[in-house]
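# Chains, contacts and geometry: an overview
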Amino acid sequence: MTETENSPKTIFNQIIFQDRMVTALAEYAQQCGMQNFVESLDMNCGAIPDEDFETIIDPESPSQFLKLYAHISQDRLAYTITNMLHVSKEFRVPIYSFVKQNGTNMEIEKLDTVTQAFSVINSVVLDEEFDSPSIEIIEKNDDCIAWKKNLESLKQSWTKCGGEIEMYYFYLGALCEGLFSKSEIRFEVKDGVFEIRKKGGE
């Protein structure tokens, strides 16, 4: 079983949402003494124009541009968090707090079901493999949805800058905690299996 595709504009919004967080984290790292880090980020990973969808995406071939920017966005996320944590593990707390707050700022109303929570993740969290089925639901009931996804491209983004995929799980956990701050829903990753579950559910 696979999840339905997002529209090109939704994917674009996911890219911009993630990259604005990354840029803010890079600027914070630079303020904390990581000299020229923003420039280093752009040079090593490329940059994404912070413009409207209609301005930078060719309507005749949106997938081509979105694929490029999605890959750049994942590289930038991996590069930023990996390098910050390599400089100091003390960055872990402010990174988590900042990402969580960005999730909270989405102002997602109280969710009553795990199906609603899964839809929120699908609409907010960038999936670089948007152009091919990458999510496989392995468990679904009233209390829980568990799934696997194609992580090969993500793993490459993290390993090529000296990071680990667990750092992505750390980022995603912070974001989901913010997204579900008004709900009795928890998110976690175990052995590459993503899971959302009602708090108190077995």
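Residues numbered from 1 in each chain as written. Predicted model: local features only at pLDDT ≥ 70, side-chain atom pairs only at ≥ 80, totals over all residues. Heavy atoms only, no water.

## Remarks on the overall build of the protein chain
- Scanning the protein chain from N- to C-terminus turns up eight helices and four strands.
- Starting at the N terminus and ending at the C terminus, the protein chain contains elements arranged as α-α-α-α-α-α-β-β-α-α-β-β.
- In summary, the protein chain has a C-alpha radius of gyration of 17 Å against a globular reference of 17 Å for 202 residues, a match within 12%.
- Across its three principal directions, the C-alpha atoms of the protein chain cover 50 × 45 × 30 Å.
- In the protein chain, which comprises 202 residues, the proportion classed as buried is 48%.
- The long-range share in the protein chain, meaning contacts at least 24 apart out of those at least 6 apart in sequence, stands at 72%.
- For the protein chain, the separation between the mean place of its 19 positive charges and that of its 34 negative charges on side chains is 6 Å. (Helix = DSSP H or I, 4+ residues; strand = E, 2+ residues; numbered from the N terminus. Rg over C-alpha atoms; globule rule 2.2 N^0.38 Å. Buried < 20%, exposed > 50% of the residue type's maximum accessible area, 1.4 Å probe, protein only. Contact = heavy atoms within 4.5 Å. Lys, Arg positive; Asp, Glu negative; His and termini not counted. Charge placed at Lys NZ, Arg CZ, Asp CG, Glu CD.)

## What about unusual backbone geometry?
- Phi is positive for asparagine 36, close to 55°, though the residue is something other than glycine.
- Following the sequence through the fold, asparagine 36 ends up in the loop between helix H1 (8–31) and helix H2 (37–45).
- In this model, glutamate 107 sits at a positive phi of 55°, which is unusual for a non-glycine residue.
- Within the fold, glutamate 107 resides in the loop between helix H5 (92–104) and helix H6 (114–124).
- Judged by its relative accessible area of 59%, glutamate 107 is exposed.

## Some thoughts on H6
- Of the positions making up H6, those classed as buried are Val114, Ala117, Phe118, Val120, Ile121, Asn122 and Val124.
- The inward-facing, buried residues of H6 contact H1, strand E1 (135–140), strand E2 (144–149), helix H8 (165–179), strand E3 (185–190) and strand E4 (193–198).

## Comments concerning the sheet that holds E4
- In spatial order, the strands read E1-E2-E4-E3; together these four strands make up an open sheet with antiparallel pairing. Each edge of the open sheet carries a strand with a single partner, namely E1 and E3. On average, each strand axis in the sheet is inclined to that of its neighbour by 20°, with strand direction left out of account.
- Across the sheet, H8 touches E2, E3 and E4, and the angle it forms with E3 is around 175°. (Pairing = 2+ DSSP bridges. Axes fitted to C-alpha atoms, helices over the stretch in contact; angles between N-to-C directions.)

## Considering the nonpolar core
- If you look at the biggest cluster of nonpolar residues, it comprises 52 residues, and the most contacted ones within it are Trp147, Tyr168, Phe180 and Ile196.
- If you tally residues by element for this core, the top one is H8, at eleven residues.
- Setting aside residues up to four positions removed in sequence, tryptophan 147 forms contacts with Phe118, Ile121, Ile135, Glu136, Ile137, Ile138, Phe187, Gly192, Val193, Phe194, Glu195 and Ile196.
- Among the nonpolar cores identified, the runner-up in size contains 14 residues, and Phe12, Ile15, Ile48 and Leu66 belong to it. (Core = buried A, V, L, I, M, F, W, Y, C linked by side-chain atoms within 4.5 Å.)

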